Amino acid sequence: MDLSERLVALGLSGYEARAYLALLRREGATPAEVARVAGLPRQRVYDVLRTLAERDLVMVVPGDHLRYAAADPESAVAALVQAKRQAMADLERDADDLVEQLTPVWDDGRDRGAPLQYVEVLRDQASAAARVSALINGAEREYLAFVRPPFFTQPTPDDNHEKAQVIRAIHDRSSLSYPQIAEHAKQAAVAGQAIRIVDSLPLKGVIVDRRVAALHLPDPVAGDTQYTTVVIDHPDMAELLAYAFEALWKTGVAPNEALGKDG
């Protein structure tokens, strides 16, 4: 790194460094001489020298003609270092103030949570079954279910969702072709769980307390052999799905009636 580059590293511009070095090599010089020796544009040299004078790196030499002389290197470098220190102190002060202003914004962002924090996507069938079972078992007021094949786990009449005051399920008619499912529907109806059978359901899922819903979405390519489960913890979405449930419920028939028609 040459002298000019080292001066630039301390805060001078390229033109300023070249002008200061040109003046170091002589007792004094006119702006035109500085421009010639330093290789600066004549139209810029006056501004460059004025800036150096303001920073105490050059001084005007008394006389009939405008001449400049360089400050001694020790004083000049000390002035540049001091300016750097002052700039760093100002930067640190501004940084502290910026942190103080940004911290409340950051804290508020933590309170709001991520935009999709209420959406959970599960692709593993075992994890999805466990998550949905936990939702069902945690139902406090109401548990609504859309039931259709395929069944990766078989429901049993003693499933633990006795805390819910309202338990209703809509079954796709094709689910009754599974003996265990048909028997479950019969026993659940006897146990007081309201069940309706409809001709067809587009997908399966559950709605818990009109607060959270879990939907099992079949893969568009693989079909019913692969599912992605989406859990949406959002009351507005759960309420909308509940409206769909109620509309389908009105079109359904009781299990005994459906089984009688199928038998």
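Residues numbered from 1 in each chain as written. Predicted model: local features only at pLDDT ≥ 70, side-chain atom pairs only at ≥ 80, totals over all residues. Heavy atoms only, no water.

### Considering the overall build of the protein
In step 1: Helix and strand counts for the protein stand at nine helices and nine strands.
In step 2: Split into buried and exposed, the 263 residues of the protein put 35% on the buried side.
In step 3: Across the protein, contacts joining residues at least 24 apart in sequence account for 66% of those joining residues at least 6 apart.
In step 4: Carbon and sulfur atoms form 54% of the exposed surface of the protein, whose accessible area is close to 15,800 Å². (Helix = DSSP H or I, 4+ residues; strand = E, 2+ residues; numbered from the N terminus. Buried < 20%, exposed > 50% of the residue type's maximum accessible area, 1.4 Å probe, protein only. Contact = heavy atoms within 4.5 Å. Areas by Shrake-Rupley, 256 points an atom, 1.4 Å probe, with all protein chains shown as cover.)

### Some words on the packing of helix H2 (residues 14–24) against helix H4 (residues 42–54)
In step 1: Relative to each other, H2 and H4 sit at 80°, their axes nearing to 10 Å. Comparing the axis directions of H2 and H4 gives the class roughly perpendicular. Contacts between H2 and H4 involve Tyr-15, Glu-16, Ala-19, Tyr-20 and Leu-23 from the former and Arg-44, Val-48, Leu-49, Thr-51 and Leu-52 from the latter.
In step 2: Residues that form the contact of H2 with H4 fall into these classes: seven nonpolar, one polar and two charged. (Axes fitted to C-alpha atoms, helices over the stretch in contact; angles between N-to-C directions. Parallel < 35°, antiparallel > 145°, perpendicular 65-115°, else oblique. Nonpolar A, V, L, I, M, F, W, Y, C, P; charged D, E, K, R; others polar.)

### A closer look at the packing of aromatic side chains
In step 1: According to the stated counting rule, one finds two aromatic pairs in the structure shown.
In step 2: Centroid distance Phe-146 to Phe-245: 5.4 Å. Interplanar angle 70°. Geometry classified as edge-to-face. Of this pair, Phe-146 sits in strand S4 (residues 142–147) while Phe-245 sits in helix H8 (residues 235–251), placing them 99 residues apart in sequence.
In step 3: Note on Phe-146: relative accessible area 9%, which makes it buried.
In step 4: By relative accessible area, which is 0% here, Phe-245 ends up buried.
In step 5: Ring geometry for Phe-245 against Trp-249: centres 5.8 Å apart, planes inclined by 20°, an arrangement best described as stacked. With a gap of four residues between them, Phe-245 and Trp-249 both fall in helix H8, about one helical turn apart. (Phe/Tyr/Trp six-rings, centres within 6.5 Å; stacked < 30°, edge-to-face > 60°.)

### Concerning the confidence of the model for the protein
Any region with low pLDDT has predicted coordinates that should not be read closely.
In step 1: Taken over all residues, the pLDDT of the protein has a mean of 85, while the share at 70 or more is 87%.
In step 2: By mean pLDDT, helix H9 (residues 255–262) is the weakest element of the protein at 70, and strand S7 (residues 204–208) is the strongest at 94.
In step 3: Every residue in residues 155–160 is under pLDDT 50, and counting partners more than four places away or in other chains gives eight contacts. (pLDDT = per-residue confidence, 0-100.)

### Overview of the pattern of salt bridges
In step 1: Counted by the stated rule, this structure contains 12 salt bridges.
In step 2: Glu-246 is the salt-bridge partner of Arg-168, the closest N and O atoms lying 2.5 Å from each other. Here Glu-246 lies in helix H8 and Arg-168 lies in strand S5 (residues 166–172), a separation of 78 residues in the sequence.
In step 3: Judged by its relative accessible area of 21%, Glu-246 is partly exposed.
In step 4: A salt bridge links Arg-173 to Asp-199, with the shortest nitrogen-to-oxygen separation between them at 3.1 Å. With Arg-173 in the loop between S5 and helix H7 (179–190) and Asp-199 in the loop between strand S6 (194–198) and S7, the pair connects residues that are 26 residues apart, well separated along the chain.
In step 5: By relative accessible area, Asp-199 is classed as exposed at 60%.
In step 6: If you follow the salt bridges from partner to partner, you end up with Glu-142, Arg-168, Arg-210, Glu-239 and Glu-246 in one network. (Salt bridge = Lys/Arg side-chain N within 4 Å of Asp/Glu carboxyl O.)

### Observations concerning the side chain of Glu-16
In step 1: Among the secondary structure elements, Glu-16 is positioned in helix H2.
In step 2: Discounting residues that sit within four places of it in the chain, Glu-16 has contacts with Gly-11, Val-48, Thr-51, Leu-52 and Arg-55.

### A few points about the pairing of strand S2 (residues 67–70)
In step 1: Bridge count between strand S1 (residues 58–61) and S2: four bridges; the pairing is antiparallel. Residue pairing across strands places Val-58 opposite Ala-70, the latter belonging to S2.
In step 2: Joining the antiparallel neighbours S1 and S2 is a turn of five residues, in which Gly-63 adopts a positive phi near 160°. (Pairing = 2+ DSSP bridges.)

### Thoughts on a nonpolar patch on the surface
In step 1: Together, Tyr-46, Val-60 and Leu-66 make up an exposed nonpolar region whose accessible area comes to about 280 Å².
In step 2: As for its position among the elements, Leu-66 is in the loop between S1 and S2. (Patch = residues over 30% accessible without salt bridge, like charges linked within 9 Å, V, L, I, M, F, W, Y side chains within 5 Å.)

### A closer look at the environment of Arg-196
In step 1: Following the sequence through the fold, Arg-196 ends up in strand S6.
In step 2: For the pair Arg-196 and Leu-248, spaced 52 residues apart in sequence, the C-alpha to C-alpha distance is 9.0 Å.
In step 3: Leaving out residues up to four positions away in the same chain, Arg-196 has contacts with Ala-169, Ile-170, His-171, Trp-249, Gly-252, Val-253 and Ala-254.

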